[in-house]
Amino acid sequence: IAGITQAPTSQILAAGRRMTLRCTQDMRHNAMYWYRQDLGLGLRLIHYSNTAGTTGKGEVPDGYSVSRANTDDFPLTLASAVPSQTSVYFCASSLTSGGPGDTQYFGPGTRLTVL
Amino acid sequence: AQSVTQLDSHVSVSEGTPVLLRCNYSSSYSPSLFWYVQHPNKGLQLLLKYTSAATLVKGINGFEAEFKKSETSFHLTKPSAHMSDAAEYFCVVILNNAGNMLTFGGGTRLMVKP
């Protein structure tokens, strides 16, 4: 593994179903993030984790949950998917969580369609 | 509060001509600013970043950006466009007192004509 990996690459999901998007990084970064990308809106932060064992809410957290049991993994769960959660989801990580200008590195994304 | 505005949703240039992608920000504090590029069906790649050092920042692939505090701008430029530059570009701002919270502009799609 090199950098950040996300799985699945894409998924079509029926509304009401539960779904977990996986994210793994091998850079030993402390901080990790989940974003969703929608046309014309750029990327919006869903949840973040500054270090293993802690999580926080971003700009659009409703309908999503995360956990950070260890440094490498940061799964994003949709407990009951709705069509408005159709989007492309990006996981990112950074070495630290507080440094101004700390660079975030992005995974390749997961394209999710909720019908 | 912080926000970032990319003034053009689409920019079209001919190969070999200059590129200008415009970005303005609003911030109550001294910001850090980034430009990321996203090629089709790919993740985001950092082009360059400004963190209160030199106001003219050089990035990868010949891109550069100039931080102008008086104009609250951070426009991205390149002297000569290549076909491989065709992509979506995002201007991103982070407050120096807000840790790692990024705010993205809406994106500018750059098209390069042969």
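**Q** How should the sheet that holds strand S1 (residues 4-7) of chain A be read in this particular structure?
**A** Sheets are built from strands paired through backbone hydrogen bonds, the pairs being either parallel or antiparallel. Residues and elements named next belong to chain A. The 4 strands lie next to each other as S1-S3-S8-S7, forming an open sheet whose pairing is antiparallel. If you trace the sheet from one side to the other, it starts and ends with S1 and strand S7 (64-66), each paired once. Averaged over all pairs of adjacent strands, the angle between their axes in this sheet comes to 20°, without regard to strand direction. Where S7 meets strand S8 (residues 76-78), 3 bridges bridge the pair, whose relative direction is antiparallel. In the strand pairing of S8, Val66 is matched with Leu76.

**Q** In this structure, what is going on with the packing of aromatic side chains? I would like to understand it.
**A** Each aromatic ring pair is specified by the distance between its two centres and by the angle formed by the two planes. Per the counting criterion, the structure on display carries 13 aromatic pairs over all chains. Judged by centre distance (5.9 Å) and plane angle (25°), the rings of Tyr25(B) and Phe67(B) are stacked. With Tyr25(B) in strand S4 (residues 23-27) and Phe67(B) in strand S8 (residues 64-68), the pair connects residues that are 42 residues apart, well separated along the chain. In terms of burial, Tyr25(B) and Phe67(B) fall into one category: buried. By way of ring pairs, the aromatic residues Tyr33(A), Tyr35(A), Phe106(A), Phe34(B), Tyr36(B), Phe90(B) and Phe104(B) are connected into one cluster.

**Q** What exactly am I supposed to notice about the interface of chain A and chain B here?
**A** By a frequent convention, interface size equals the accessible area lost on bringing the separate parts together. Chain A puts 25 residues into the contact, and the matching count from chain B is 21 residues. Here chain A and chain B share an interface that buries about 1600 Å² over both sides, 55% of which is from carbon and sulfur atoms. Applying the counting criterion to the chain A and chain B interface returns 0 salt bridges. At the junction of chain A and chain B, the tally comes to 3 residue pairs in polar contact (both at pLDDT 80 or more). Broken down by secondary-structure element, the contributors of at least two residues to the side of chain A that touches chain B are strand S4 (31-38) and strand S5 (42-49) of chain A. Class assignment of the residues belonging to the side of chain A that touches chain B gives a composition of 11 nonpolar, 12 polar and 2 charged.

Rules used throughout
Residues numbered from 1 in each chain as written. Chains lettered and ligands numbered in written order. Predicted model: local features only at pLDDT ≥ 70, side-chain atom pairs only at ≥ 80, totals over all residues. Heavy atoms only, no water. Pairing = 2+ DSSP bridges. Helix = DSSP H or I, 4+ residues; strand = E, 2+ residues; numbered from the N terminus. Axes fitted to C-alpha atoms, helices over the stretch in contact; angles between N-to-C directions. Phe/Tyr/Trp six-rings, centres within 6.5 Å; stacked < 30°, edge-to-face > 60°. Buried < 20%, exposed > 50% of the residue type's maximum accessible area, 1.4 Å probe, protein only. Contact = heavy atoms within 4.5 Å. Buried area = accessible area lost by both parts, 1.4 Å probe. Salt bridge = Lys/Arg side-chain N within 4 Å of Asp/Glu carboxyl O. Polar contact = N/O pair within 3.5 Å; in protein donor to acceptor, adjacent residues only side chain to side chain. Nonpolar A, V, L, I, M, F, W, Y, C, P; charged D, E, K, R; others polar.

These results come straight from atomic positions and should not be treated as a statement about function.
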